[in-house]
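# Observations on chain architecture
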Amino acid sequence: MQISKGEILQSLFGTQDQDYHMKLRRTVSGAFSMSSLVQYEPRVNDTVRVFLARTEELYAAPGKSCNFILWLQYFAFDVITEITYSRRVGFVDNCEDVDGIIAWLNKIFDYQAPVGQMPWLDKLFVKNPIMTLASKYGLIDNSSGTAKFSRARMAERLSGRYKKDSMDLLTMFLKAQKENPTFFDDGRLLTMTTSIALAGSDTTAISLAAVFYYLLINPECYEKLNREIDESIATGLISDASGIITWTDAQKLPYLHACIQETFRIHPAIAMILERLVPPQGMEIAGEFIPGGTVVGCSPWVMHRQPEIFGEDVDIWRPERWMGNSDEDERRIKKMNMVMFQFGGGSRTCLGKHIALLEMYKLVPSFLRRFEVN
Ligand code: HEM
């Protein structure tokens, strides 16, 4: 859990309190629904447009190279700030890591990987009662980088210093707060914006980088995808009149879907086990009784490499496994879809899934249409 001025932010990811989780998730879920997505698309378009233009200015010349993973992180962060606060804070415009948040995230993930397995260490290093108290009284500030970042963005947005002319996540959260002020207080609202900064950028950037990586090392697939996009535009199936492929048009590109889905399969952004706690009375899982309090879970990397579901060539990136129209193909693809776990599953499944897909399905074809990547 992240921390702000000595207060531990009980987030959706971190809480073990099921009732609290359910209540918080229900309070904010409207902001992440498919119907809200339509309202965010123009915000994503703005960032895609700037991203393409800046790529051209900075990197599209012979001999120039680009740290593409970092560049995609800048893109993903700007989309998240656009969608949350109606304002791109300038990762892409200024080509910089605003407030050093990406550097901070890299550090914190290195910390979280081992400490997440030995959580008591966190009480010593970060959530230490002395540091927490000192932070509450303003003697030190042990706030998480994401909490500082989100506090600053919220202050900018609520100060009215810049014009906000569209729907954003913060508007939706403020609406939810009006309806439920006691439960969804300022602390919980900050918890949500902080969670989004933590959850929404790195995951999307990793997935985007992986799509481009696999396309580049599989030139025949790269060609095939380009052909699909070009032919769909030539036949009028989709349009790129604005230079950006719309979400609706991207749904008409089956090979694009296959490439993205295959990337999610072979390189899910979250590689750890997605943990769950067995309830106190214990439960039977896969034919075995597991005592209450046991931490159990699945790793997407393991689930996505089951030969009996995905075929013997599970270690190979092959988008064609997601193609086919026969009844048998449809049965096979349905079975694979049911096992896909890149966004987790059940009551804790990723809330930002639709936003992430919106970004990916727009950026990949729009980028390939404009540039040749090598
Ligand atoms: C490709 C990009 C993304 C991937 C692969 C991803 C993956 C995940 C995974 C694996 C979980 C845990 C699910 C579980 O335990 O079953 C999760 C949770 C979550 N994600 Fe994402 N995510 C992505 C993008 C986003 C974005 C863009 C946002 C916000 C705009 C977001 C917000 C969240 C939130 C709030 C949760 C906690 C849900 C809960 O516990 O109720 N994610 N995500």
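Residues numbered from 1 in each chain as written. Predicted model: local features only at pLDDT ≥ 70, side-chain atom pairs only at ≥ 80, totals over all residues. Heavy atoms only, no water.

Around the ligand sit 27 residues in total, of which His21, Arg25, Arg276, Gly345 and Cys350 are the nearest. Take Arg25: an N or O atom from its side chain is 2.7 Å from an oxygen atom of the ligand. The contact in question runs from an oxygen atom of the ligand to an N or O atom on the backbone of Gly345, over 3.0 Å. Only helix H1 (18-28), helix H9 (186-200), helix H10 (202-217), strand E3 (274-277) and helix H17 (353-370) provide two or more residues apiece to the shell around the ligand. Partitioned by chemical class, the residues of the shell around the ligand number 14 nonpolar, 10 polar and 3 charged. Composition of the shell around the ligand by domain shows at least three residues from each of domain 1 (3-200) and domain 2 (218-370). (Near = heavy atom within 4 Å. Polar contact = N/O pair within 3.5 Å; in protein donor to acceptor, adjacent residues only side chain to side chain. Helix = DSSP H or I, 4+ residues; strand = E, 2+ residues; numbered from the N terminus. Nonpolar A, V, L, I, M, F, W, Y, C, P; charged D, E, K, R; others polar. Domains from an automatic or database assignment.)

In this section: the domain arrangement of the protein chain. Domain parsing of the protein chain yields domain 1 (3-200) and domain 2 (218-370). Relative to domain 2, the C-alpha centre of domain 1 lies at a distance of 24 Å. Each partner contributes residues to the interface: domain 1 has 33 residues there, and domain 2 has 21 residues. With both chains or domains summed, domain 1 and domain 2 bury close to 2400 Å², and 66% of this area falls on carbon and sulfur atoms. There are 2 salt bridges connecting domain 1 and domain 2. In this structure, Glu56 engages Arg370 in a salt bridge whose closest nitrogen and oxygen atoms are separated by 2.9 Å. For the pair domain 1 and domain 2, the interface holds 9 residue pairs in polar contact (both at pLDDT 80 or more). At the level of elements, H1, helix H2 (34-59) and helix H3 (68-85) are the ones that each hand at least two residues to the side of domain 1 that touches domain 2. (Contact = heavy atoms within 4.5 Å. Buried area = accessible area lost by both parts, 1.4 Å probe. Salt bridge = Lys/Arg side-chain N within 4 Å of Asp/Glu carboxyl O.)

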